[in-house]
Amino acid sequence: MRTLDRKMLRDLRRMWAQALAIALVIAGGAATFVLASGAYRSLDETRIAYYERYRFGDIFAEIKRAPRSVGEQIKGIDGVAVADFRILHYAVLDVANLVEPATGQVVSVPERIDGQQNRLHLRAGRLPEFDRSDEVVVNEAFAKANRLRSGDTFRALLNGKLCTLRIVGIALSPEFIYAIGPGDLVPDDRRFAVIWMAERALAGILDLEGAFNAVSIRLLRGANPEQVMKTLDAVLERYGGTGAFTRKDQFSHAFLDAELAQLAAMRRVIPPIFLLVSAFLINMILTRAIGLEREQIGLLKAIGYGPLTIAMHYIKLVIAITGIGIVIGFIMGAWLGQGVTRLYAEFFHFPFLIFRNDASTYAIAGAVSVASAVAGALRAVAQVLRLAPAVAMQPPAPPRYNRGLASHIHARLPLSQMTIMSLRHMARWPMRAAVTVLGIALASGLLITALLSFDSVESMVNVAFFKIDRQHATVGFNDPQNMRAIDSVRQLPGVLRAEPFRTVPVRLRNGHRVRRLSISGKPADMDLSRILDANLRPQGLPSQGLVIDTRVAELLHVSRGDVVEVEVLEGKRVQRRVIVSDIVTSYLGLSAFMGLEALADLLDEGPRVSGAHIAYDVLQERALFDAIKSTPVVSSIGLQKRSISRFRSTIKQNIDYMVTVYVALAVIIAFGVVYNSARIQLSEHAREIASLRVLGFTRNEVSRILLTELAIVLLIAVPLGWLIGYGFGWLLIQAFSSDLYRVPFTIERATYAKASLVVIAAALVSALIVRRRVNRLDLVSVLKARD
Amino acid sequence: MGNDLRMSDLVFEVRGLTKVYRSGEVEVRALAGVDLTLQPGELVVMLGPSGSGKSTLLNILGGLDHATAGTVRFREHDLTALDDAGLTAYRRNHVGFVFQFYNLIPALTARENVALVTEIARAPMTPEAALDIVGLGARMDHFPSQLSGGEQQRVAIARAIAKRPDVLLCDEPTGALDSKTGVRVLEALMRINKELATTTALITHNAAIREIAHRTFYFGDGRITSVEINKARKAPSEISW
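Residues numbered from 1 in each chain as written. Chains lettered and ligands numbered in written order. Predicted model: local features only at pLDDT ≥ 70, side-chain atom pairs only at ≥ 80, totals over all residues. Heavy atoms only, no water.

*Asks:* Talk me through the overall build of chain B; I want residue IDs and the actual numbers.
*Replies:* Helix and strand counts for chain B come out as six helices and ten strands. When its C-alpha atoms are laid out on the principal axes, chain B stretches across 45 × 45 × 40 Å. By residue count, 56% of the 241 residues in chain B fall in the buried class. Look at the contacts in chain B between residues 6 or more apart in sequence, and 69% of them connect residues 24 or more apart. Accessible area for chain B stands at about 10,000 Å²; split by element, carbon and sulfur atoms hold 49% of it. (Helix = DSSP H or I, 4+ residues; strand = E, 2+ residues; numbered from the N terminus. Buried < 20%, exposed > 50% of the residue type's maximum accessible area, 1.4 Å probe, protein only. Contact = heavy atoms within 4.5 Å. Areas by Shrake-Rupley, 256 points an atom, 1.4 Å probe, with all protein chains shown as cover.)

So this is what it looks like as structure tokens:
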């Protein structure tokens, strides 16, 4: 081994603590990058494979009832590869040990399942016998949440008949990766079941023999889905079709997509920031660390080493440190990535998992880290190499200080000589001080970025559940009812208030921009479920026109006063042009509202309702739930209290996995930066401190020079970090929005405080270490060794 | 050592050498027109107070610093015309340095500090041989921190001579040492000068050392004030301070 390489290895061993701190900063950046991309890629690949292996449909449509014979016509549509015809139905369930009524989505299973779309992955048991109306398969999440096993029974209200159903199998389905009940915002596994029942048996119960009410289609490769849907809609119109839709509007897929989009958003924003910040930090740290090698560089030059050899020597050192960091980062990133992927997979109920990451992710993370480290080293080496060796080997000439600002402050404030020294240092090397400040500020900015998701979600929950939808529960009817149905809801035990609503599936169109969503009709005196303006103040509905939320307005490129085309997807399927009379705030889903009367006018029908938002007396909850379980008109019930807690736990759990990891990495980076800054500062001042000690200053007094400087740096870095965190956070929240939910940009004061506390804690620990070093400083050797 | 040597036999030929340092607003004239020649195998001592320009001259002779004006010829090369790469090659192939503060690499052992040079030299002796010459054969695997000041300086000398340099430039080699240790260091330098015929220039504050030299240059205010030829050289052990 070359002697110079041996020196490199020994240097590495000597500065191991600092090298490790630098390596950890690099590892933090690289790990975030690898982890985020790995988790995203793995989940994406798993989803694609799951859809493919279990033949998830491409196009879906629901109708009131169509005869089987129509099926042949649909199969003949150009571009259709396979078409399945089935029966879907909602039912209220009564499950043992579950006080609240549950909702079930019943799905028919044909006799022959080969070639079938949306296939089940049986976890236990078997499929129901084709002629048994009491045998069902349920989704795994529901079974687990209610501790149900094969052989257990529960009751369901199907077409007014109370049936007892026996579980014969437990399954997963690509159609219900995200199983969400009507009226719910997030999965509530205890209260929502997917129930698969033999087709013949289900048809018998619902009087749908020889007919179907839902279609699932897989397209031929290259088929145009728009064209297929158009033809399909035309075929199904006379059977009460509500408009075909693609995966994009399929509930489970849309939610899963939103989750993945969010992961992707975090991947696009957070890891690059982490990587770049860590790159900047190592650049800064290494520039200064190698600047301290000035004399050795001078000596190597003096004894005849060329600039290239010297530069290579330090590049090797830096690459060794970076390499350690990258390896730690890759291992950490891959390991955390798999962990996070597993947690998500469990949450999504995937039957299997595919781990995948792009080689390019590793390449980018490695290259950026190495490049910035090498650039930092080169800059430092080049600075020294520019000096003649005779000069480089001398301790640097005493820098020129100005009396400057520090003295002015001194004149007014009783500052000690030590404080003045610190201030002058910083004033003398403003760039160096600025870079340290920026480094620490960036680290705390990362922390804020990682932490703020919690704040934003909490603020979203607050608005969505305590300001907009304040009802205790929402009951839904299987078909729109006339106003009398509301009276019967009001008469249910404990109901204090019932506000009717009407939801109508529509397509909103502005030129070529189209969105499928529901218009909610609301009464003028709404008080439970409300509408908020941009300042989050409740507002009423105009007697005419359509009110949409900001997301819809963005998607359709419309603003207040514009006209949009409404295509109703049920009943008479009217098409009208409606004015957008207002734009309001909503964080969940895509919302459009109209007054109940205005909506009835639009639909060209009498006042009808789809359900009611209710407030009830909590003391009578049990009686109310029991009554609902046997009320034929009610097909579903969403419980707000459950929704809030489920929402918190679901969305947060989702973000938590990622954010916890990000926070941990940000903490590591923050510590690495502060520790290195303090250590380098100590080296830069070692001679001065030794001189002061020789002059009779105590350790406390000389430590104060360093600590004062660190304190001043922190004092500037902390608020700057808040600003940077605010900026990064804004970027992140922009990327976070999806059709399913938007996250308001909120940063709590506590978050700023937490980020700053971490940085300050890092500073305190570093200060203690530096203090110990000051204690151990060998005065004579420091002075003799000429820096 | 007569004056009848031809020009090309000179090791160094310095004419009108001037060096001005600019440090902020202050301009320091370290050398103000120095002329001198050094001959092969010669051992010269440079004496003078601090700031008289000795170190600056040595640095320029060794290619560690650039002159402001004047010329320095090493054999047939004009050092003042060389660029950075040229100076590096010059230092690597021809010059050995000994510094007052040894300037050893603390992370390397004695042997490795010498090897640092032998690895890039053209026809070096082995590090072991170089350390033997300075009497440190037994302590080769010690780190600088495990060696006394005199030992460290002898390692520095071994490092300087291992490449068999044409010139050996020593800046206060005994400045940080007690007299007994200093004598051992000087003995090592003289032995090398004699055995390898290395032209040696030695800066010192210590006037007693001039007695081991062929010639002594006296410095003052950036100039050579006088030159003294030593007719009867003494051995280091015969001098004292």
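That shown, we press on.
*Asks:* Any details on the overall build of chain A? Residues and values, ideally.
*Replies:* Scanning chain A for helices and strands turns up 22 helices and 22 strands. For chain A, the accessible surface area stands at approximately 32,200 Å², while carbon and sulfur atoms represent 56% of it. If the 93 positive side-chain charges of chain A are averaged to one point and the 69 negative ones to another, these points end up 12 Å apart. (Lys, Arg positive; Asp, Glu negative; His and termini not counted. Charge placed at Lys NZ, Arg CZ, Asp CG, Glu CD.)

*Asks:* Lay out the interface of chain A and chain B in plain terms, naming residues and giving numbers.
*Replies:* At the interface, 27 residues of chain A touch 28 residues of chain B. Counting each side, the surface lost to burial between chain A and chain B is near 2,400 Å², with a carbon and sulfur contribution of 60%. Among the residues chain A hides against chain B, the three largest losses belong to A:Thr3, A:Arg10 and A:Ile303. Together they make up 24% of the total. Viewed at the interface, chain B and chain A are joined by four salt bridges. Counting across the chain A and chain B interface gives ten residue pairs in polar contact (both at pLDDT 80 or more). Put simply, the parts of the chain that give the side of chain A that touches chain B at least two residues each are helix H1 (3–14), helix H8 (294–302) and helix H11 (389–393) of chain A. Split into classes, the residues belonging to the side of chain A that touches chain B amount to 13 nonpolar, four polar and ten charged. (Buried area = accessible area lost by both parts, 1.4 Å probe. Salt bridge = Lys/Arg side-chain N within 4 Å of Asp/Glu carboxyl O. Polar contact = N/O pair within 3.5 Å; in protein donor to acceptor, adjacent residues only side chain to side chain. Nonpolar A, V, L, I, M, F, W, Y, C, P; charged D, E, K, R; others polar.)

*Asks:* An account of the sheet that holds strand S8 (residues 199–204) of chain B is needed here, citing residue identities and associated values.
*Replies:* Residues and elements named next belong to chain B. Taken in spatial order, the six strands line up as S6-S7-S8-S3-S9-S10 in an open sheet, and their pairing is mixed. Strands at the two margins of the open sheet, each flanked by one partner only, are strand S6 (95–98) and strand S10 (223–229). In this sheet, adjacent strand axes meet at a mean angle of 20 degrees when their direction is disregarded. Sheet topology note: the S6/strand S7 (residues 167–171) ladder contains four bridges and is parallel. If you follow Gly96 over to S7, its bridge partner there is Leu168. (Pairing = 2+ DSSP bridges. Axes fitted to C-alpha atoms, helices over the stretch in contact; angles between N-to-C directions.)

*Asks:* Account for the sheet that holds strand S2 (residues 80–86) of chain A, with residues named and values stated.
*Replies:* All names here are of chain A. Ordered by their spatial adjacency, four strands build an open sheet running S2-S10-S1-S11, and the pairing between neighbours is antiparallel. Since the sheet does not close on itself, it has two edges, and those belong to S2 and strand S11 (245–246), each with one partner. With respect to the sheet, helix H6 (residues 225–236) is in contact with strand S1 (59–67), S2, strand S10 (211–219) and S11, its orientation differing from that of S1 by roughly 10 degrees.

*Asks:* Describe the pattern of salt bridges, naming the residues involved and giving the relevant values.
*Replies:* Residues and elements named next belong to chain A. Here the structure, examined in full by the defined rule, presents 54 salt bridges over all chains. Between Arg41 and Asp358 there is a salt bridge; the shortest N-O distance is 2.8 Å. Of this pair, Arg41 sits in helix H2 (residues 16–53) while Asp358 sits in the loop between helix H9 (307–348) and helix H10 (359–385), and the two are 317 residues apart along the sequence. Among the salt bridges present, the one from Asp188 reaches Arg191, with a minimum N-O distance of 3.7 Å. The same class applies to Asp188 as to Arg191, namely buried.

*Asks:* A description of the nonpolar core should follow, citing residues and the corresponding values.
*Replies:* With 174 residues, the main nonpolar core has A:Phe348, A:Met658, A:Tyr662, B:Phe12, B:Met46 and B:Leu57 as its most contacted residues. If near-sequence neighbours (up to four positions away) are discounted, A:Met658 is found in contact with A:Leu35, A:Ala36, A:Ala39, A:Leu263, A:Met266, A:Val340 and A:Tyr344. Counting 37 residues, the second largest nonpolar core, distinct from the first, contains B:Val45, B:Val98, B:Ile157 and B:Ile209. (Core = buried A, V, L, I, M, F, W, Y, C linked by side-chain atoms within 4.5 Å.)

*Asks:* For the packing of aromatic side chains, give the residues involved together with the corresponding values.
*Replies:* Residues and elements named next belong to chain A. As enumerated under the stated definition, the model contains 21 aromatic pairs over all chains in all. Judged by centre distance (6.1 Å) and plane angle (80 degrees), the ring pair of Tyr50 and Phe352 falls under edge-to-face. Here the residue Tyr50 occupies a position in helix H2, and Phe352 occupies one in the loop between H9 and H10, the gap between them amounting to 302 residues. One aromatic cluster in this structure is built from Tyr50, Tyr54, Tyr178, Phe251, Phe255, Tyr344, Phe348, Phe350 and Phe352. For Arg53, the ring lying beneath its charged end belongs to Phe352, and the centroid distance is 4.1 Å. (Phe/Tyr/Trp six-rings, centres within 6.5 Å; stacked < 30°, edge-to-face > 60°. Lys NZ or Arg CZ within 6 Å of the ring centre and 35° of its normal.)

*Asks:* Lay out the environment of A:Tyr741 with the relevant residues and their values.
*Replies:* Residues and elements named next belong to chain A. Tracing the chain through its elements places Tyr741 in the loop between helix H20 (699–736) and helix H21 (749–776). As a C-alpha pair, Tyr741 and Arg551 span 190 residues in sequence and 9.4 Å in three-dimensional space. In this structure Tyr741 touches Glu259, Gln262, Met460, Tyr587, Leu588, Gly589, Ile651 and Phe736, once residues within four positions along its chain are discounted.

*Asks:* I'd like a description of the side chain of A:Ser529, backed by residues and values.
*Replies:* Residue and element names in this part refer to chain A. Counting through the fold element by element, Ser529 comes out in the loop between strand S14 (513–522) and strand S15 (531–532). Its relative accessible area of 3% is what places Ser529 among the buried residues. Polar side-chain contacts of Ser529 include one of 2.7 Å to the side chain of Asp469. Only 2.5 Å separates the side chain of Ser529 from the side chain of Lys522, close enough to count as a polar contact. Contact partners of Ser529, with chain neighbours within four places excluded, come to Ile468, Asp469, Gln471, Glu499, Lys522 and His613.

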